[in-house]
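Summary of structural features
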Amino acid sequence: MTDRILAMASDHGGYEMKALLKDEAVRLGWAVLDLGTDGPASVDYPDYAAGVAAAIREGRAGRGVLVCGSGIGISIAANRFPEIRAALIHDSYGARMCRLHNDANVMCLGGRTTGIEIAKECLTIFLDTAFEGGRHANRVAKLAAPSCR
Ligand code: RB5
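Overview of the structure.

Rules and cut-offs
In every chain, residue numbers begin from 1 and rise along the written sequence. Reporting in this predicted model follows two pLDDT cut-offs: at least 70 for local features of residues, and 80 or more for side-chain atom pairs to be given and counted; totals over whole chains, interfaces and linings ignore these cut-offs and use all residues. Working from all heavy atoms in the structure, the side-chain values ignore hydrogens and water. To qualify as a nonpolar core, a set must consist of buried Ala, Val, Leu, Ile, Met, Phe, Trp, Tyr and Cys residues joined through side-chain atoms within 4.5 Å. For the exposure calls, accessible area comes from a 1.4 Å probe over protein chains only, and a residue counts as buried if that area is under 20% of its type's maximum, exposed if over 50%, partly exposed in between. Here a helix means four or more residues in a row that DSSP labels H or I, a strand means two or more in a row labelled E, and each is numbered from the N terminus. Working rule for contacts: check all heavy atoms of both residues, and any pair within 4.5 Å makes them a contact. Definition of nearness: a residue and a molecule or strand are near each other if at least one heavy atom of the residue lies within 4 Å of the molecule or strand. Side-chain atoms alone can form a polar contact between residues adjacent in sequence; in general such a contact is a pair of N or O atoms within 3.5 Å, and within protein one must be able to donate a hydrogen while the other accepts it. Computed by Shrake-Rupley with a 1.4 Å probe, the accessible areas treat only the displayed protein chains as cover when residues are assessed. All amino acids are sorted into three groups, where Ala, Val, Leu, Ile, Met, Phe, Trp, Tyr, Cys and Pro are nonpolar, Asp, Glu, Lys and Arg are charged, and the leftover types, Gly among them, are polar. Whether a set of points on the 1 Å grid over the protein atoms alone is a cavity depends on a 1.4 Å probe fitting there but being unable to get out, while an open set qualifies as a pocket with protein on both sides within 12 Å along at least five of seven lines; lining residues are those with an atom within 4 Å of a point. Grid points are joined across faces, edges and corners, and a volume is the space filled by probe spheres set on the points. Should a side-chain nitrogen of Lys or Arg be within 4 Å of a carboxyl oxygen of Asp or Glu, the pair is scored as a salt bridge. When two rings of Phe, Tyr or Trp (its six-membered ring) have centres within 6.5 Å they constitute a pair, described as stacked for plane angles under 30 degrees, edge-to-face for angles over 60, and tilted for the intermediate range. Lysine and arginine charges are scored as sitting over a ring when NZ or CZ, respectively, is within 6 Å of the ring centre and within 35 degrees of the ring normal. The axes are straight lines fitted to the C-alpha atoms, using for helices just the contacting stretch, and the angles between their N-to-C directions are given from 0 to 180°. In these notes the angle categories are as follows: under 35 degrees is roughly parallel, over 145 is roughly antiparallel, 65 to 115 is roughly perpendicular, and the rest is oblique. Helix crossings fall into two classes, left-handed where the near helix is turned counterclockwise from the far one by less than a right angle and right-handed where it is turned clockwise.

1. Focus on the nonpolar core
Core analysis: the biggest nonpolar cluster contains 21 residues, and Leu-6, Leu-21, Val-65, Ile-89, Met-107, Leu-109 and Leu-123 have the highest contact counts within it. For this core, the elements supplying multiple residues, two or more each, are β1 (5-10), α1 (15-27), β3 (63-68), α4 (92-100), β5 (106-110) and α5 (116-128). At six residues, α5 tops the list of elements feeding residues into this core. Residues contacting Leu-6, with those up to four places away along its chain left out, are Ala-25, Trp-30, Ala-31, Val-32, Leu-33, Ala-61, Arg-63, Gly-64, Val-65, Leu-123 and Leu-127. Among the nonpolar cores identified, the runner-up in size contains 19 residues, and Ile-56, Leu-66, Ala-86 and Val-106 belong to it.

Pasting the structure below:
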């Protein structure tokens, strides 16, 4: 079961936040698959987004958290992979809505833009909130097979 396995990764702009959120996820009862990076040496965020995307797509994790400096690059990178619905989150409202309405399976945060207490609150909500389904299920299905109009 990957239900409570969380894949986490960051670039050098997010490794400190990732470490703190990893402790928080464990405290919340999740097993963490930490895919790096672990220090300030400059790395490329697409490589880390790819690691979390692969973990989810291969069934090694049920959800993911990605952190870069702004959260922007790593969310763009993650959303290039099929089956990945990555949401760039700045507050608790977004954390709740990305689960309720979008069934986001990856939460992206900015290590240089979001305070750690807000980030921890977002993590708790992201991990605890179920997809609402209903009218949102059809919309989420369209994300998997977009068509131009
Ligand atoms: C790295 O300096 C920075 O560009 C990266 O962490 C991220 O913010 C990119 O979107």
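2. Digging into the site of the ligand
The ligand sits among Asp-11, His-12, Tyr-45, Cys-68, Gly-69, Ser-70, Gly-73 and Arg-112. Between an oxygen atom of the ligand and a side-chain N or O atom of Asp-11, the distance comes to 2.6 Å. Within the contact set of the ligand, an oxygen atom lies 2.9 Å away from a backbone nitrogen or oxygen of Gly-73. Compared with its free state, where it exposes 290 Å², the ligand has 70% of that area covered by protein. Partitioned by chemical class, the residues of the shell around the ligand number two nonpolar, four polar and two charged.

3. Section: the layout of surface pockets
Empty space left among the atoms is revealed by rolling a probe the size of a water molecule over them. Looking at the largest pocket, its volume works out to about 230 Å³. Along the wall of the largest pocket there are 14 residues; nearest its centre are Asn-79, Ile-84, Arg-85, Leu-143 and Ala-144. Elements with a contribution of two residues or more to the lining of the largest pocket: β4 (86-88) and α6 (135-144). The dominant element in the lining of the largest pocket, judged by the number of residues it contributes, is α6, at three residues. Residue composition of the lining of the largest pocket, grouped by class: nine nonpolar, two polar and three charged.

4. Some points on the pattern of salt bridges
The final tally for this structure, using the stated rule, is 10 salt bridges. We note a salt bridge from Lys-18 to Asp-34, for which the minimum N-O separation is 2.9 Å. Highlighted residues: Lys-18 in helix α1 and Asp-34 in strand β2 (residues 31-34), separated in sequence by 16 residues. Since its relative accessible area comes to 27%, Asp-34 is described here as partly exposed. Within this structure, Lys-18, Lys-22, Asp-34 and Asp-38 form a network of salt bridges that share partners.

5. Considerations on the packing of aromatic side chains
Aromatic ring pairs are defined here through the distance separating the ring centres and the angle between the ring planes. Counted according to the given criterion, the structure contains zero aromatic pairs. The cationic tip of Arg-63 hangs over the ring face of Phe-126; the distance from NZ or CZ to the ring centre is 5.5 Å.

6. A few points about the packing of α1 against α5
Across the interface, α1 lies against α5 with an axial gap of 10 Å and an inter-helix angle of 45°. On the basis of the axis angle, α1 is oblique to α5. Relative to α5, the crossing made by α1 is right-handed. Contacts between α1 and α5 involve Met-17, Leu-20, Leu-21, Glu-24 and Ala-25 from the former and Ile-116, Ala-119, Lys-120, Leu-123 and Thr-124 from the latter.

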